[in-house]
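# Secondary and tertiary structure notes
Okay, here's what each chain looks like letter by letter:
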Amino acid sequence: MYARHARPAFDLDFKAKTQRRRPAPQWSEIRLLEEFSPWVLTCLRKIASFSELGEGWDSYGSARVQAPAVMAATRFISEIPLDRVPEASVSPVPGGGIGFHWRVADRDLEIEFLPNGTAEYLKSGGEKSEEGTLSNFADRNLWRWLAGEAT
Amino acid sequence: MKPPSGLPDFENPPAVETLLGVYFSPLKRWITPYFGSFWHTIRKEYPNVQVQPPLVSEQGLRLELSSERSTLRLSGEIPVRWFYYHRSKRRLIQIQTDCFIQNWRKRDERDSYLHYAELRPSFEHMWKRFCDFLNDSKVEAPVVQECEVTYINHIDRGKGWTNFGDVNRVVSGWSGLTSGRFLPMPSLISLNAAYPMPGKGGRLAVSLQPGIRPDGKETLQLNVSARCKPGSSRSVDVLKALDLARGWVVNGFTDFTTEQMHEVWKRTQRRGERR
């Protein structure tokens, strides 16, 4: 359910990024950096650097960050269907996964990519919280919620 | 098989895709069902198709708007482009009423690079089949306006460059220098250049754009594309024009990039050498 007159905390532009480009004869897929929010490149480089962490990177014997988690997190961050999602905090997670965190006003969104590449989310705001599995990266409801446009 | 062409060659070139294309005046008497009819003739090798938006707006479509009755009328054929996917998943044919394009791409890094000498006969064969189909369908033969050869190269981060301050290590004409010390390292660099080819309005277009591949690899996409007008619409002239365009693409790519990168890609022929 969406609050009709709520003003989103960040700009929601759902236009698919790839549709902005004119059709081209190229077949290979690529997402041009000019289509991304400026923080995405930094985030992608951070994710790539997690691959270089060895066993026990957290000093507590954690497994290294697993390749399926790196690949899924990379795909996720480059497929976020919004232009102006605020910058995420990203970090390796003990056990071999990768975690993202956003805080907008009093709303927190955490997304964790497990070592096998599957993703779970936890959203919390005020006294409510909800968790689930993230199966569709293009799902906009989480972003609407984070922007304060949906309840 | 490698081309005995005397052109620069690389053992490990960054090319991930090559396309050869023919652009012609919109086909007279072509109707949308022919996309499917042509598929029927090649379906064994190209089992999957997809409908895509056209590359350029086509002239056969008329849009009429009427404000009094609020009506919208479309006349002519709806412009579309059909993709015909080869069963190898490495080859694609694109057709719309004013162009025919064949693409080859590497599926992954283990795929070997396909040289032009291997692609050309395949293009020639499929172009002939398309022209034969037009003839059988009583569609006027294409009046060819331009031929195109494009090489798409991915120069991955970590293979010759690590940040946008290193683009001068990739592009020979880019120094990256500033006249003062005000500007920091760029967070994005995008380059476009066009060069005239001799005679008949041919041109070589080069573009460099950073991007992210679906596998998450950060790369500089270097597209080198040559277009020129053939002497006639006959296949022999179309192929001659493609050969000329290909020569410009290879020489242009080599000139545009640095010798340092040529080392990375293992250039096998030095300037002035001929094989």
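Structure first, text after, so check above.
Since we're looking at a predicted model, the values are computed, not measured.

### Considerations on empty space enclosed by the protein
Residue and element names in this part refer to chain B.
- For the coordinates displayed, the defined rule picks out 3 cavities of 30 Å³ or more.
- If you trace the second largest cavity, you find it lined by Ala15, Val16, Glu17, Thr18, Arg90, Trp104, Arg105, Lys106, Ser112, Tyr113, Leu114 and Leu119.
- Listing elements by their share of the lining of the second largest cavity, those giving two or more residues are strand 1 (15-24) and strand 7 (99-105).
- For the lining of the second largest cavity, the element with the most residues is strand 1, which contributes 4 residues.
- Of the residues that constitute the lining of the second largest cavity, the class distribution is 6 nonpolar, 2 polar and 4 charged.
- Each of domain 1 (1-22 + 146-275) and domain 2 (26-142) gives at least three residues to the lining of the second largest cavity.

### Here's the deal with the environment of B:Val56
Residue and element names in this part refer to chain B.
- Residue placement: Val56 occurs in the loop between strand 2 (48-52) and strand 3 (62-66).
- Among the residues examined, Val56 registers a relative accessible area of 41% and is labelled partly exposed.
- In sequence terms Val56 and Cys99 are 43 residues apart; their C-alpha atoms lie 9.9 Å from each other.

### What to know about the pairing of strand 11 (residues 218-228) of chain B
Residue and element names in this part refer to chain B.
- When you tally the buried positions in strand 11, you get 10 out of 11 residues, the bulk of the element.
- Of the pairings in the sheet, the one linking strand 8 (residues 144-156) to strand 11 comprises 10 bridges and is antiparallel in character. Looking across to strand 11, one finds that Thr150 is bridged to Ser225.
- Judged from the 10 bridges that link them, strand 10 (residues 203-212) and strand 11 form a sheet pairing that is antiparallel. Residue Pro210 lies in a different strand from strand 11, and its bridge partner there is Leu220.
- Connecting strand 10 to the antiparallel partner strand 11 that follows it, the hairpin turn spans 5 residues, and Gly216 within it adopts a positive phi of roughly 90°.

### A look at the packing of helix 1 (residues 33-42) of chain B against helix 2 (residues 116-136) of chain B
All names here are of chain B.
- Packing of helix 1 against helix 2 leaves a shortest axis separation of 11 Å and a crossing angle of 130°. As the angle between them shows, helix 1 and helix 2 are arranged oblique. When you trace helix 1 past helix 2, the crossing you get is right-handed. On helix 2, the residues that touch Tyr34, Ser37, Phe38, Thr41 and Ile42 of helix 1 are Met126, Arg129, Phe130 and Phe133.

### What to know about helix 2 (residues 67-79) of chain A
- Given a rise of 1.5 Å per residue, 13 residues ought to cover 18 Å, and the 18 Å separating the end C-alpha atoms of helix 2 of chain A matches this to within 8%.
- Close packing links the buried residues of helix 2 of chain A with strand 1 (31-32), helix 1 (38-50), strand 3 (97-104), strand 4 (107-113) and helix 3 (141-147) of chain A.

### With respect to the packing of aromatic side chains
Residues and elements named next belong to chain A.
- Applying the stated criterion across every chain yields a total of 29 aromatic pairs over all chains.
- Their ring planes at 75° and their centres at 6.3 Å tell us that Phe76 and Trp102 sit as a pair that is edge-to-face. With Phe76 in helix 2 and Trp102 in strand 3, the pair connects residues that are 26 residues apart, well separated along the chain. Here the two residues Phe76 and Trp102 agree in accessibility, since each one is buried.

### Focus on the layout of surface pockets
Residues and elements named next belong to chain B.
- In this structure, the second largest pocket occupies an estimated 650 Å³ of space.
- In this structure, the second largest pocket is lined by 25 residues; those nearest its centre are Val16, Lys106, Asp108, Glu109 and Arg213.
- Within the residue set of the lining of the second largest pocket, elements represented by two or more residues are strand 1 and strand 8.
- If you tally residues by element for the lining of the second largest pocket, the top one is strand 8, at 3 residues.
- The residue makeup of the lining of the second largest pocket, split by class, is 9 nonpolar, 4 polar and 12 charged.
- Of the domains in this structure, domain 1 (1-22 + 146-275) and domain 2 (26-142) are the two that each give at least three residues to the lining of the second largest pocket.

### Side note on the packing of helix 1 of chain A against helix 2 of chain A
Residues and elements named next belong to chain A.
- Contact geometry of helix 1 with helix 2 gives a least axis separation of 10 Å together with a crossing angle of 175°. By the criterion of interaxial angle, the relationship of helix 1 to helix 2 is roughly antiparallel. Counting all contacts with helix 1, which are made through Trp39, Val40, Cys43, Leu44 and Ile47, the residues of helix 2 involved are Val70, Ala73, Thr74 and Ile77.
- Among the residues making up the contact of helix 1 with helix 2, the classes are represented as 8 nonpolar, 1 polar and no charged.

What counts, and at which threshold
- Residues numbered from 1 in each chain as written.
- Chains lettered and ligands numbered in written order.
- Predicted model: local features only at pLDDT ≥ 70, side-chain atom pairs only at ≥ 80, totals over all residues.
- Heavy atoms only, no water.
- 1 Å grid on protein atoms, 1.4 Å probe; cavity = no way out; pocket = protein on both sides within 12 Å on 5 of 7 lines; lining within 4 Å.
- Points joined across faces, edges and corners; volume = space filled by probe spheres on them.
- Helix = DSSP H or I, 4+ residues; strand = E, 2+ residues; numbered from the N terminus.
- Nonpolar A, V, L, I, M, F, W, Y, C, P; charged D, E, K, R; others polar.
- Domains from an automatic or database assignment.
- Buried < 20%, exposed > 50% of the residue type's maximum accessible area, 1.4 Å probe, protein only.
- Pairing = 2+ DSSP bridges.
- Axes fitted to C-alpha atoms, helices over the stretch in contact; angles between N-to-C directions.
- Parallel < 35°, antiparallel > 145°, perpendicular 65-115°, else oblique.
- Left-handed = near helix turned anticlockwise from the far one by under 90°.
- Contact = heavy atoms within 4.5 Å.
- Expected span 1.5 Å × (residues − 1).
- Phe/Tyr/Trp six-rings, centres within 6.5 Å; stacked < 30°, edge-to-face > 60°.

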